[in-house]
4 protein chains.
Amino acid sequence: MNTFGQIFRLTTFGESHGPGVGGVVDGMPAGIAVDAAFLQAELDRRRPGQSKLTTARAEADRVEILSGLFEGRTTGQPIGFLVRNENQHSADYDNLRDVFRPSHADYTYQMKYGIRDHRGGGRSSARETISRVVGGALAKTALAQLGISISAYTSQVGPLRLEGAYTDYDLSLTETNPVRCPDPEMAVRMAELIAEVKSAGDTIGGVITGVVAGCPVGLGSPAFGKLHARLGAAMLSINAVKGFEYGAGFDGVAARGSEQNDIFDEGFRLRTNRSGGVQGGISNGADIYFRVAFKPVATLLREQPTVDIDGRRATVHARGRHDPCVLPRAVPVVEAMAAMTVLDEYLLNRTVHL
Amino acid sequence: MNTFGQIFRLTTFGESHGPGVGGVVDGMPAGIAVDAAFLQAELDRRRPGQSKLTTARAEADRVEILSGLFEGRTTGQPIGFLVRNENQHSADYDNLRDVFRPSHADYTYQMKYGIRDHRGGGRSSARETISRVVGGALAKTALAQLGISISAYTSQVGPLRLEGAYTDYDLSLTETNPVRCPDPEMAVRMAELIAEVKSAGDTIGGVITGVVAGCPVGLGSPAFGKLHARLGAAMLSINAVKGFEYGAGFDGVAARGSEQNDIFDEGFRLRTNRSGGVQGGISNGADIYFRVAFKPVATLLREQPTVDIDGRRATVHARGRHDPCVLPRAVPVVEAMAAMTVLDEYLLNRTVHL
Amino acid sequence: MNTFGQIFRLTTFGESHGPGVGGVVDGMPAGIAVDAAFLQAELDRRRPGQSKLTTARAEADRVEILSGLFEGRTTGQPIGFLVRNENQHSADYDNLRDVFRPSHADYTYQMKYGIRDHRGGGRSSARETISRVVGGALAKTALAQLGISISAYTSQVGPLRLEGAYTDYDLSLTETNPVRCPDPEMAVRMAELIAEVKSAGDTIGGVITGVVAGCPVGLGSPAFGKLHARLGAAMLSINAVKGFEYGAGFDGVAARGSEQNDIFDEGFRLRTNRSGGVQGGISNGADIYFRVAFKPVATLLREQPTVDIDGRRATVHARGRHDPCVLPRAVPVVEAMAAMTVLDEYLLNRTVHL
Amino acid sequence: MNTFGQIFRLTTFGESHGPGVGGVVDGMPAGIAVDAAFLQAELDRRRPGQSKLTTARAEADRVEILSGLFEGRTTGQPIGFLVRNENQHSADYDNLRDVFRPSHADYTYQMKYGIRDHRGGGRSSARETISRVVGGALAKTALAQLGISISAYTSQVGPLRLEGAYTDYDLSLTETNPVRCPDPEMAVRMAELIAEVKSAGDTIGGVITGVVAGCPVGLGSPAFGKLHARLGAAMLSINAVKGFEYGAGFDGVAARGSEQNDIFDEGFRLRTNRSGGVQGGISNGADIYFRVAFKPVATLLREQPTVDIDGRRATVHARGRHDPCVLPRAVPVVEAMAAMTVLDEYLLNRTVHL
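How each quantity is defined
- Residues numbered from 1 in each chain as written.
- Chains lettered and ligands numbered in written order.
- Predicted model: local features only at pLDDT ≥ 70, side-chain atom pairs only at ≥ 80, totals over all residues.
- Heavy atoms only, no water.
- Pairing = 2+ DSSP bridges.
- Helix = DSSP H or I, 4+ residues; strand = E, 2+ residues; numbered from the N terminus.
- Buried < 20%, exposed > 50% of the residue type's maximum accessible area, 1.4 Å probe, protein only.
- Contact = heavy atoms within 4.5 Å.
- Least-squares fit on C-alpha atoms with pLDDT ≥ 70 in both.
- Buried area = accessible area lost by both parts, 1.4 Å probe.
- Salt bridge = Lys/Arg side-chain N within 4 Å of Asp/Glu carboxyl O.
- Polar contact = N/O pair within 3.5 Å; in protein donor to acceptor, adjacent residues only side chain to side chain.
- Nonpolar A, V, L, I, M, F, W, Y, C, P; charged D, E, K, R; others polar.

Caption draft 1: Expanded view of the sheet that holds strand β2 (residues 9–14) of chain B. Residues and elements named next belong to chain B. Spatial strand order, β1-β2-β3-β7-β4: five strands in an open sheet with antiparallel pairing. Each edge of the open sheet carries a strand with a single partner, namely β1 (3–4) and β4 (63–65). In this sheet, β2 lies alongside β1 in antiparallel orientation, the contact comprising two bridges. By the bridge assignment, Phe4 is partnered in β2 with Leu10.

Encoded structure:
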């Protein structure tokens, strides 16, 4: 299933070492001016090689829009797009043809499909998220007209964790450092940790916090279409994600109802926002905030024991160019998935009344 | 969106105080013997009034199968079913017609739809999960033939938390106590806490752990159809759920890749299972385990400040009959959602090869 | 696949001789007053035993609404409904358990599913269309608020064919005769033909013409969601339908473009409507009209040669109670499918602009 | 809605005068060898400029596969593809920017979306069918392994109609003439008619007959997923199609049941095939055959009266390069849509049993 969404739908394709990655956005509202520079800027935030913290694989990741625009505006027709792969070092992966890397998709793809493109992880490569960032940039463009903004930031790297709520930070600082952490001091410490981990040929995980501001009341629906269920599915579909929580999340379970409930004040103002902007699966107008857990990248630049395609003992030692920590580059991906989810629900909400 | 699944699809309907709740299961494989007693037993695990820990609302919750069976076996045709509502005390809710309960769906439903059935929460009532349990019982029946079993248990109530992994407990003990906790001693303490909270007119949350055993390699797919993304969406769609994690989850983010990776031994055996049975979005044959966070129930049997339908200050004091803690009754709902997700992916996996 | 539609979605269940037939309508817009008498009146138009031309099976076909209404108005929640089966003579079908009726679904169901409910055709019975009529009545209720009306009539029975276009008849006369033909003289001849065919233990087919009036410009979409493709799929899903055409249809292929094109006059008025109200897959504001071909019912009240479940020669002689001609009772079904299609597209069209 | 299918899904994009047309095939079974030459050959059958009967627009229509293949075999991952537009004469369409061509999509697109790419019809151009032919070629490749073959031919041009059934012709002759008619004599007459119409600056319609041979019993499903309803929707989604019928179709309605029924002989052999290979919506193993009506192309190489974007009188005179008759080039498109439908249903049928 390579399609995401119901009305605003992104379909993606592409492998790491094939001709390119791309996709089709269907259901983009008509008549919206698209800024090609903004699309590229979003891709640049995800681009490898943007800082010393990321993989050295240097790709321009230039997006070509193939359809759906006329004189700079969306026509309501599907928007095809393509980002060519460049700078592939496929030979770096020759040793992986018959070996399964630990905690990777190698084994499961091979068993499920009976065939896999082993080069650079093939379809399981994080290059697939390029298409999500393009879709997300289009969604953000539409949401901006509605006054809805999406932001995300690195709130934890390994054990280094921002203890405050998102409201405690100046999120405009997120893009001022390569970690994408809005606390500049913490950003320095996180960067140091990532550098240390990298030099050890190891990797590290973390948490990204996302915030949707300006969301109107009424997005999402009862039962299976709860807004937070959609957001959760969106986030859990990103490579390396292991958990999702919104509002008070896991920590809130220990509290009592009398401590957790968000009390309404006159005019429907909420005294608190432990609900995370969603009640009964439907947005209540408050900020939507959530946390996404990323495991440490499975690819290590050191030798690991494993097995080959016949189940016999082997060792694997990744060469290639890999991120020691995906968090910084995953921030725009989290934003993209949130943007597409919210726009899709906004459009669905248009169908509730005649 | 009241439909769940792609091949095995459950569509649900019904409000708390209307004629009944029910649904349609489409895509159930043909030729499977259905045990009506098992369906009813699953509903009985979810039924109110089953112990002192739950709401006193006493309903038999008898399910009537309306179609799709012939001489006790499934025909491949849609299975309609209905559970009549009984023992409604709609008058208990008269005071809620024009008042919005804190942290409930009252406000968001009213704003979204311009109309709502306020009695017993209407569509937002947890009675909607009856339909899920019926769907889940059918899915479990099919999965049993494949050797796949689903179980869940209460692993945390408020601050009382089982510290061990699911493998540390004898899950056959789960149903021996009303909390549905496989550690009998902890179950007693949890029951005491719930009783204490109840007597204070308050509520409390917790965590349910779910386990899928016997799952073959190959369920789930790359990109947006990752098995854990489907499971996460399923769990997050259950009332009161605030978070989902699988495998090492949020705790695993602090570790390094060299500590987290699951190493293969000869014959594809895994030394560890931090991945939680899913790699690259596809089941790897190991147990799938996950944790689901439930907030404390929003309905308190005490007075709370709030606003009315015009945004003016008001107070609300729930009468009705409500659970102080939903965890014990949510265990079969978690199992049901997992069962439907896994069966759906099993069937989808049949389409990967000619 | 027992679900129809994308936003306004009908899911149906039920067999001829099971407890009942019914369904769930999801995506019905909120706040719409529903007239129970109108729903029942639509069902009465489809009901068996309404005239001498139809089957003698006398069923009240009373619909019970199970959810989704509050104080007579739709709440935006799914509308479950049920029509109990009555007056079944299952014993009439005992002889069909192991025999396949010619040109029926008996053989294909048995081969596909390995099991079937042979009584009264089971799921393949035209009783399934009861659920469509209920869904259609709800859709018509919404469309009426938009000034969109749907009508259909019998335009051909066997060789007896109305030669005029729909604009040549007073469609308010359709319901004045049991054939549902707006030409009273032709209606008499058609009724005589049906009576003659019936007395011979035979059956006869025909054509129903449908008209959507008041449809705004803009419903439907390019590529696979063309409005007429949706209508065609809707009609072809009705039992016994063998063909669909709209506008000039099959007859128009022999003309030249210069004869076929609909010329615009000032103010976008069309001089002609050979396009049938749809251009490029999108409604153009003119009446949408189409024709639906129904084969003669396969069930004959006379002996036919056939085979049994093992492929050995047998004979079959339907007892039961069957229609010699389905056209009169299929008219409301055609209307229902058109109404649901148009409402679904109306709602989808709400998502094209922000 | 630019996606077709449920398991095997084609999503298309592209306009006539944009960078190119293309799409994504998702759900293609894994491990199937793909012959690039066959894909190109199928496109060549649809290519403009292939004979004097078609438009002179000469495009190579070279397809580039962007993903989903590894060492020549499908991997189960989405197959992205792109055909660059070449040889566009966009200036030919400058006069159409503010004028609506009669019986075209110009008016409806403009009204629905508020914007349109007027060059060469934009998204409504038949160039969109390139993507269908690519998807169809992939589907045919899979079906060939199953022994299922799809063929289509021109059975009527204007009033010139093959009176025989498909079994009366040697379909291997279809590709021996530019009209794609299996009766060589009739092909000559049809070609003469098309030439005559072309020289008059006019256009003409016709009928294409399609045949699916080797289809196993069991494809399709009851209710809304009837195999012929899927086929009908597929055909009606092709540009210029006005009608669809299968088996005895419209002509069969005048017959009696006793004349129409297909009688089974020993071993489930059918004496006749008036059902067209489908009973109760499910394939019965006999050939599936159907007819598709195409209207005359709306674009005339002569002056026509019309209105401009403000509804004022205007005239339009197409320059560009256009087909006088789409039938010959639509034959591979009909085949492609049938192939994708049948493969999708084949895969769905894999999910009916555990």
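More follows now that the structure is in view.
Caption draft 2: Structural detail: the environment of A:Phe81. Residue and element names in this part refer to chain A. Along the chain, Phe81 falls in strand β7 (residues 79–84). Taking the relative accessible area as the measure of exposure, Phe81 reaches 1% and is therefore buried. Considered as a pair, Phe81 and Ala165 are 84 residues apart in the sequence and their alpha carbons are 37 Å apart. Residues contacting Phe81, with those up to four places away along its chain left out, are Leu10, Phe13, Gly22, Gly23, Val24, Val25, Val63, Glu64, Ile65, Leu66, Ser131 and Val134.

Caption draft 3: Up close: the relation of the copies chain B and chain A. Once chain B is rotated about the relating axis by 180° and shifted along it by 0.0 Å, it coincides with chain A to within an RMSD of 0.0 Å. As the rotation angle and translation indicate, the two copies are arranged about a two-fold axis. Here 100% of the contact residues of chain B are again contact residues in chain A; the copies associate through an equivalent surface.

Caption draft 4: Here's a closer look at the interface of chain B and chain A. Counting residues at the interface gives 111 residues for chain B and 111 residues for chain A. Note on chain B versus chain A: buried area summed over both sides is about 8100 Å², and carbon and sulfur give 61% of it. Interface area lost by chain B to chain A is led by B:Lys112, B:Phe224 and B:Lys242, which between them contribute 11%. The tally of links between chain B and chain A comes to four salt bridges. Linking B:Arg313 and A:Glu266 is a salt bridge whose minimum nitrogen-to-oxygen distance equals 3.2 Å. The tally of links between chain B and chain A comes to 44 residue pairs in polar contact (both at pLDDT 80 or more). Here the residues of the side of chain B that touches chain A sort into 48 nonpolar, 40 polar and 23 charged. One ladder, built from three bridges, connects strand β12 (residues 241–246) of chain A with strand β12 (residues 241–246) of chain B; its direction is antiparallel. Residue pairing in the sheet places A:Phe244 in a bridge with B:Phe244 of β12(B).

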